[in-house]
Structure formats: C-alpha cells, structure tokens
Amino acid sequence: MAENVEFSFAMVGGGNGLPRIHTHGSGKKAENGICHDDSATPVKAQTIDELHSLQKKRSAPTTPIKDGSAGAAAFATISEEDRQILQLQSISASLASLTRETGPKLVKGDPARKSESTPRVGVEHQHYFTPPISISDSALKFTHVLYNLSPAELYEQAIKYEKGSFITASGALATLSGAKTGRSPRDKRVVKDETTAEDLWWGKGSPNIEMDEHTFLVNRERAVDYLNSLEKVFVNDQFLNWDPEHQIKVRIVSARAYHSLFMHNMCIRPTPEELENFGTPDFTIYNAGQFPCNRYTHYMTSSTSIDLNLARREMVILGTQYAGEMKKGLFSVMHYLMPKRQILSLHSGCNMGKDGDVALFFGLSGTGKTTLSTDHNRLLIGDDEHCWSDNGVSNIEGGCYAKCIDLSKEKEPDIWNAIKFGTVLENVVFDEHTRDVDYSDKSVTENTRASYPIDFIPNAKIPCVGPHPKNVILLACDAFGVLPPVSKLNLAQTMYHFISGYTALVAGTEDGIKEPQATFSACFGAAFIMLHPTKYAAMLAEKMQKYGATGWLVNTGWSGGRYGVGKRIKLPYTRKIIDAIHSGSLLTANYKKTEVFGLEIPTEINGVPSEILDPINTWVDKAAYNETLLKLAGLFKKNFEVFASYKIGKDNKLTEEILAAGPNF
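Owing to the predicted nature of the structure, the values given are computational and were not obtained by experimental measurement. One numbering rule holds for all chains: residues counted from 1, following each sequence as written. Predicted model: local features are reported for residues with pLDDT of at least 70 only, side-chain atom pairs are reported and counted for 80 or more only, and whole-chain, interface and lining totals are derived from all residues. Based on all heavy atoms of the structure, the side-chain values leave hydrogens and waters out of the count.

Another point: helix α10 (residues 324-340). Helix and strand definitions follow DSSP, with helices as H or I runs of at least four residues and strands as E runs of at least two, each counted in order from the N terminus. Here a helix's expected span is defined as the number of its residues, less one, multiplied by 1.5 Å. Under the 1.5 Å per step criterion, the end-to-end length of α10 is 25 Å for 17 residues, consistent within 8% with the ideal 24 Å. Buried residues dominate α10, accounting for 16 of its 17 residues. Just past α10, the residue Gln-342 takes up positive phi, approximately 65 degrees. Only protein chains enter the accessibility calculation, which uses a 1.4 Å probe; a residue whose area is less than 20% of its type maximum is buried, one above 50% is exposed, and one in between is partly exposed.

Shown next, in the form of structure tokens:
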C-alpha cells in the first residue's frame, strides 16, 4: 500500500475551471499503481437473491437426542425431513375439515420468500404434506405454515403485511386489535354436553353461556375454511403451566403476526428439543378473528363468537381480533382441566421472598394487585394466572399482560423497562415522527396493553415455580371507606371473601356526582371460572389448611369517609402492611374484632399510624360511618344469595360455616 500519499489540484486547460487531481507518492510506488487498496475477496454470489441468502444462516436442524432418554433410539432413526413431514401432518390434521375429512396441503415457509424457504438443490427436498383425500378448491393450493417464528421474524411479517403495525421508539411493536379493544364476554360460548352439563356452573351469575355441539362444529368449519383459504397461517406450539408434571401442550393457529407474537410472549416457549418432540397438542385454538361468524347460526347474537368445546379440546374465535381472548380462553380451559387433577387454578399474582416464603395476591382491577405483587425485594413467580398443586405453586403463563394507561417510569419502572424489542403494545398512540408512545392518550381505547415475556422482568423467578404459599392476600379497593386497611381471616372468612371477590369502583352519574359502585367477581375472576365458585373456595381452604397458609383481607381504598369525602390509603402504608405480612410479624400482633363484618384487625403495625387501622377512628361523622357500613354489608349479603343454596360436602356443614363468616347485623 502506498505511504504518505499527497493530493494536489491543477487547473485543467480549456478554461472550464475544473481541477485535475494529481497524486504524488512520497515513498515507493504502490503495487499495481493503486494508492489505496481496501478491496476484499468478492462475495460468493451471482445475484442479489443469492447475496440475501448468504446474509442468514440456517438454524441447527435438530437437537441431539440425549442417551438413555425415552424413545431416543427410535427417534434417532427419523431423518430431519421425515420429522418435518410428521410435524406438518400434525398441523394439517388440526386444520382438517370435518365434512371433507381432510386437512389442507401445507408447506413450510413464507410464500413471499420462496427462494429462501425452498432449498435451491431441488424442490423435492421442500418440506410439505399433501393429505390423501382432496375434494375442495382449497386442495388445489398449498397453505404456507409460518411455524413458531421468532419475534424478529414476526416483526417483519407484521410491519410488511399488517396495517397499523409500527416499531416504537423503545423497540416494542405497536399494533391495532381492530374494532374490538377488549374481551366480549357476552359472545363467549361453551358446548353443553352430558359431561359439562354436570361439571360446569350454569345459570344465574355464571359466565358460562351454553351452545350445542352442532353449532360449535358449524363455527369450527367456518374458521377452518377461512384459515385454509389464506396463503399463509401462523402456527405456535407452546406450553401452559411451568410445573412439568402438569404441563399442557397448546397449538394456536392464527392469521396475524400480531396474534402469533402475542401468544409467543404469553405462553411458555418450548426449547428446540421440546418442539421436536411436541407431537399432538392437548388443546387447539383456531383464531379466525378477522372473519365474522354467521349471525343466522343458532346461539349467535352478534358477528363475534368465542367458542369452547372441552370434549374436543378446541377453541374457535370469529369476529374479534382482540388477542386477550386467546389468553383468557386458555385460562378458562385451565380452570376446568386442573381441578380435575385436584390442582387449584387461581387468578392471582404470586411472589417469593429470599427465604422461600410465597404469597398469593388476589384482586380485581384497580386494587393494586400488580403493584403490590411486584416487589424488588422478592422474586416474581407470576402476575396473573397460577396453579397450586401438591408440588407447590406454578405460573400458568410465560409472559405478562400489563395495562398501559397512564403508565410512567416512576410509578411502574419494571413494566416501563419491559416495553422493548419483543413486546407487543396494543392500541397505544404514539408520535408519528419520534414514535414515542403517549401512554396517557385514550384515543383508541383506555384498555391499552403490553404483552411481554416474563423474563423481561429483572427479578422474575425462572422457572416460574415455588413452594406452598404461606400467605393468601385478598385485595379490595373499598371506595365506601369502611373496611380496615388489613384484617386477619380464618378459613371460613377467607372462603367467604374469596367467593365474594369484592372491590368498589367510582362511576360518574348523569348529574356529575360520583358515587362508589360495589363490584363482586367470584373467586376474583368470575369471567374465567368454569366450575361453581364454592368448589374453588373449598379447594383453597383445603390447601391452606394442609400447608398452613394464613388469609388476609387488605383494603387499598379509602379511609376517613367514602370516595369524595375521605382519602385513599397511602401506598407506603399499604406496603408496610404487606411487608409485615411477609415477615410474619403481623401474626404475633394484638388483635381486636370489628362489628358487623367480624374482622380481626391489628392494633399496631410498625410504620403505619395506629388510628387508621380501625376505620371508625378516621371518620368524623360516626353516624355516617355506621350507615355506610350497614349499606356495604347489605350489598355483600345480596351478592351472596346466589351461592347460599349451594351445598358443599355431604352434610352441608361447610356452607353453613361460610355463610356465618359473612357480615352479621
């Protein structure tokens, strides 16, 4: 290479004023007369497509089979191509039409990238599957399967093909869920057959709305035909429940990259070895949400239908693109399958201290469940769905689904920091230039959400399992201001308040006056339970008694008066209460009993003003306090009437104990 090369300009003759460039080497002349040779070996590509194909290396096709593992010898004889074909056969069987008794022709890979998805050595090596019977137009085409794509691949699919998909400044994928920005509980149906007629909770107060087998099959056929008509579908094979002994295999077939990435985050992600041995799923979701149901079909009341068939272990989604339907649909399934194994399924948060002490947090929206279960001094097992078996507690999910409205880094740093590449942001509003999200903007909906893998939370416990809980904390945001900040519950009281699932919201009336509105949701998740609430309550009491857990009722709402008169209990005080529960110091405190609800309340907690521990002390108008207390007690009694006639056990003794644990006036 030339050394100390100098540049100078000389005027070119002809008067055009353009300089001629001269180079002068102060040292020896460079080889071949080249002053700067920064060239490299030419790329091994003859076309742009070949150059692009060199950019990405293929993933390792197989995971080595461990010696001595079950079926290792037999599995080792299967070639990678045969393994891929078996996988496609399984997916084709999932997408099979029941009337034509055949699934679609399938091929792996993105149809827009045929040069990449098909090896150049010959078409005969492409992984595809053609079913033996073909009696429809859809049989004339291949359906491309995009199988368990990575977040990066799903980003590409969403941004390229789905309008309303953008990368935000933090790296998260912003998407739109269409016309529906929340769940549609009135459009959710469950097939009522001989088994479910006996097992499930039907009638007044139940979230289970019946449909018959025939109508389910009509909707299933409609969903499958729609998915098979598409050029490509997304398929996720994943797991539910971190307890390997009670894990459920789920398959999600969808038409949108948004849905595939959402479920990639929310379900447990399999290892390559687990994926190769996945086999037939235990439960399948057909998400054809972009296509409406037929409103002339029996039981249909709108263009939306979310249908569960527990016998077939299938779920069909039509007429809604809201991804939360898949998450909560699977939660309903777990509420049915797990109790059959004597495992309690719970709508709760869960964390664990450094000494292995586990706490469960139950609470409806606005009670502080997410805030209080997220504690930097404790490991997060999960934020929403759990199982309690003889092995301990386990998270059902592999991710978190957090509310984003008015999110700030100061209030929720863990959630804020989790919103990065790989996270799905639903229905948020962002600056069109900077792509910074405005979490206070409700232009699309107030129900803005973020879906991200649980390991995006720094103190998440992986695997998401823990020992038996020591504390069961029931949270209520009492806007009436009459419940104490904390109460210790006996087993019967725990069951009563667990079945009640109480909180109070503040809703505006027409004349502008805001009054507290009592809200009751059985088991703190009535929309998702399948069995009668008393069955879950009995299982909870049994496990608490067996493993020595203590029940607590914590009010995160108002003190000194109802909403508009009193003030919200300060969060630092609530955190001190929760800390005292975790440490065990609250077990040794002195207690006194309240009137009407008969709650045991401590007389002193370190760091909490003693006068607020008994709510009557904070009310200036004692008569108003007593009136409001009786009003709330009456609402509890009225709500519990639907459960009072239900017998638990042969002698009905447990039912009587639960009723006696309620308000007495």
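Let's pick the thread back up.
Before going further, it helps to spend a moment on the pattern of salt bridges. Salt bridges are counted wherever a side-chain nitrogen of Lys or Arg sits within 4 Å of a carboxyl oxygen of Asp or Glu. Applying the stated criterion across every chain yields a total of 16 salt bridges. For the salt bridge of Arg-312 with Glu-314, the shortest nitrogen-to-oxygen distance reads 2.8 Å. Residue classification places Arg-312 among the partly exposed positions, given a relative accessible area of 32%. The salt bridge involving Asp-384 is made with Lys-369; its shortest N-O contact spans 3.1 Å. With Asp-384 in the loop between β18 (379-382) and β19 (385-389) and Lys-369 in helix α11 (residues 369-373), the pair connects residues that are 15 residues apart, well separated along the chain. Here the two residues Asp-384 and Lys-369 agree in accessibility, since each one is buried. Shared partners join several salt bridges into a network, and the residues in it are Lys-327, Lys-328, Lys-369, Asp-384, Glu-385 and Glu-397.

If you trace the backbone, Gln-493 turns up in helix α13 (residues 491-500). Excluding anything up to four places from it in sequence, Gln-493 contacts Lys-488, Phe-597, Gly-598, Leu-599 and Ala-661. Contacts: residue pairs with any heavy atoms within 4.5 Å of one another.

Now for the sheet that holds strand β20 (residues 392-395). Pairing between two strands requires that DSSP report at least two bridges joining them. Reading across from one edge, β15-β19-β20-β26 is the order of the 4 strands in this open sheet, with antiparallel pairing throughout. Bordering the open sheet on either side are β15 (344-347) and β26 (465-466), each of which pairs with just one other strand. Of the strand pairs in this sheet, β20 and β26 are connected by 2 bridges, and their pairing is antiparallel. Note that in β26 the partner of Val-393 across the bridge is Gly-466. Structural elements are reduced to axes, namely lines fitted to C-alpha atoms, with helices fitted over the stretch in contact, and the angle between N-to-C directions of any two is expressed from 0 to 180 degrees. Against the sheet, α10 contacts β15 and β19, and its axis sits at roughly 150 degrees relative to β15.

With that settled, consider the side chain of Glu-397. The topology assignment puts Glu-397 in the loop between β20 and β21 (399-403). Every residue in contact with Glu-397, bar those within four places of it in the chain, is listed here: Trp-242, Met-266, Ile-268, Lys-327, Asp-383, Asp-384 and Glu-385.

This part is about the sheet that holds strand β7 (residues 173-175). Read across the open sheet, the 5 strands follow the order β6-β7-β22-β25-β21; overall the sheet is mixed. The outermost strands of the open sheet, each flanked by one partner alone, are β6 (166-167) and β21. In terms of strand pairing, β7 meets strand β22 (residues 424-426) through 3 bridges, oriented parallel. Across the sheet, residue Ala-174 finds its bridge partner in β22, namely Leu-425. Strands β7, β21, β22 and β25 (449-453) of the sheet are contacted by helix α8 (residues 257-266), whose axis makes an angle of about 120 degrees with β22.

What follows is about α13. An α-helical turn contains 3.6 residues, so any two residues separated by three or four positions project in the same direction. Most of α13 sits inside the fold, with 9 of its 10 residues counted as buried. Turning to α13, its buried residues number three or more, namely Ala-492, Gln-493, Thr-494, Met-495, Tyr-496, His-497, Phe-498, Ile-499 and Ser-500. Between N or O atoms, a polar contact is any pair within 3.5 Å; within protein, one atom must be a potential hydrogen donor and the other a potential acceptor, and residues adjacent in sequence are included only when both atoms are from side chains. The distance from a side-chain oxygen at the start of α13 to the backbone nitrogen of Ala-492 is 3.2 Å, and the residue carrying that oxygen is Asn-490. Of the residues trailing α13, Gly-501 is marked for its positive phi of about 55 degrees.

With that settled, consider the environment of Thr-588. Looking at the secondary structure, you find Thr-588 in the loop between α15 (571-583) and β34 (591-593). Residue class for Thr-588 comes out exposed when judged on its relative accessible area of 68%. Sequence-wise, Thr-588 and Pro-602 are 14 residues apart; in three dimensions their C-alpha atoms are separated by 9.4 Å. Here the side chain of Thr-588 touches Ser-585 through a polar contact of 2.9 Å, landing on its backbone oxygen.

Geometry only, nothing functional implied.
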